[in-house]
Amino acid sequence: PLAKGAFLRGTGLNLATGRFTAPVSGIYQFSANVHIDHSELKSKVQLRARDNVRVLICIESLCHRYTSLEVIAGLESNSKIFTVYVHGLLQLQAGQYTSIFVDNSAGAPITIQNGSDFMGMLMG
């Protein structure tokens, strides 16, 4: 909400924990743009076919137990910073929370950049 044009409505998002807790049961639409810097990776090691990044939006931090939203992106981008976009619908019970996970399977660190964003909205 600190970015120009961003807003926070309702009580579901906790900026300190990075979690969105459903105030009521329903179907929610979520999306996230995660800006990833992999310049350290490109300068230190040769990229392999299996080097990728998974970005997930998970319920209760249990990505394998509940349905989660997932995108897998290869690191073959020519730019040092690229964006992974994940979106979709999740059914939440009141009190359940969602959060974003980034799983790096590459051989060097990546950095999540400022300006990455997350959005959740009750659909019904």
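See the structure above.
Residue numbers here run from 1 along each chain, matching the order of that chain's written sequence. Two thresholds apply to this predicted model, a pLDDT of at least 70 for residue-level local features and 80 or more for giving and counting side-chain atom pairs, whereas whole-chain, interface and lining totals are computed over all residues. Heavy atoms from the whole structure form the basis of all side-chain values; hydrogens and water molecules are not counted.

**A few points about the packing of aromatic side chains**
In this analysis, rings of Phe, Tyr and Trp, with Trp reduced to its six-membered ring, are considered paired at centre separations within 6.5 Å, and the interplanar angle assigns stacked below 30 degrees, edge-to-face beyond 60, and tilted for intermediate values. For the structure on display, the rule yields four aromatic pairs. Ring plane angle 70° and centroid distance 5.6 Å describe the contact between Phe20 and Phe30, whose orientation is recorded as edge-to-face. A residue pair is termed long-range when its members are at least 10 positions apart, and Phe20 in strand E2 (residues 19–21) and Phe30 in strand E3 (residues 26–37) qualify at 10 residues. For the pair formed by Phe20 and Phe30, the shared burial category is buried. Between Tyr28 and Phe30, the aromatic rings sit 6.1 Å apart at their centres with planes inclined by 20°, giving stacked as the arrangement. Residue exposure (1.4 Å probe, protein chains only): buried if accessible area is under 20% of the type maximum, exposed if over 50%, otherwise partly exposed. Note on Tyr28: relative accessible area 2%, which makes it buried. Chaining the aromatic ring pairs together yields one cluster made of Phe20, Tyr28, Phe30 and Phe118. Only when the NZ atom of a Lys or the CZ atom of an Arg is both within 6 Å of the ring centre and within 35 degrees of the ring normal do we say a charge sits over the ring. The ring of Tyr97 carries Arg19 above its face, with NZ or CZ at 3.9 Å from the centroid. A run of H or I in DSSP becomes a helix once it reaches four residues, and a run of E becomes a strand once it reaches two; helices and strands are each numbered from the N terminus.

**Some words on the sheet that holds strand E1 (residues 13–14)**
Two strands are said to pair when DSSP picks up at least two bridges between them. Pairing within the open sheet is antiparallel, and its five strands lie in the order E1-E2-E7-E4-E5. At either end of the open sheet lies a strand with only one pairing partner, and these are E1 and strand E5 (69–74). Pairing between strand E4 (residues 52–59) and strand E7 (residues 97–104): seven bridges, direction antiparallel. Across the sheet, the residue bridging to Cys58 is Ser99, located in E7.

**Thoughts on the pattern of salt bridges**
What makes a salt bridge here is a side-chain nitrogen of Lys or Arg within 4 Å of a carboxyl oxygen of Asp or Glu, nothing more. Under the counting rule described, the total for this entry stands at two salt bridges. Close ionic contact of Asp103 with Arg54 constitutes a salt bridge, the shortest N to O distance being 3.1 Å. Here Arg54 lies in strand E4 and Asp103 lies in strand E7, a separation of 49 residues in the sequence. For Arg54, a relative accessible area of 22% gives the class partly exposed. What emerges from the salt-bridge pattern is a single network uniting Arg54, Glu70 and Asp103.

Keep in mind these values describe shape, not function.
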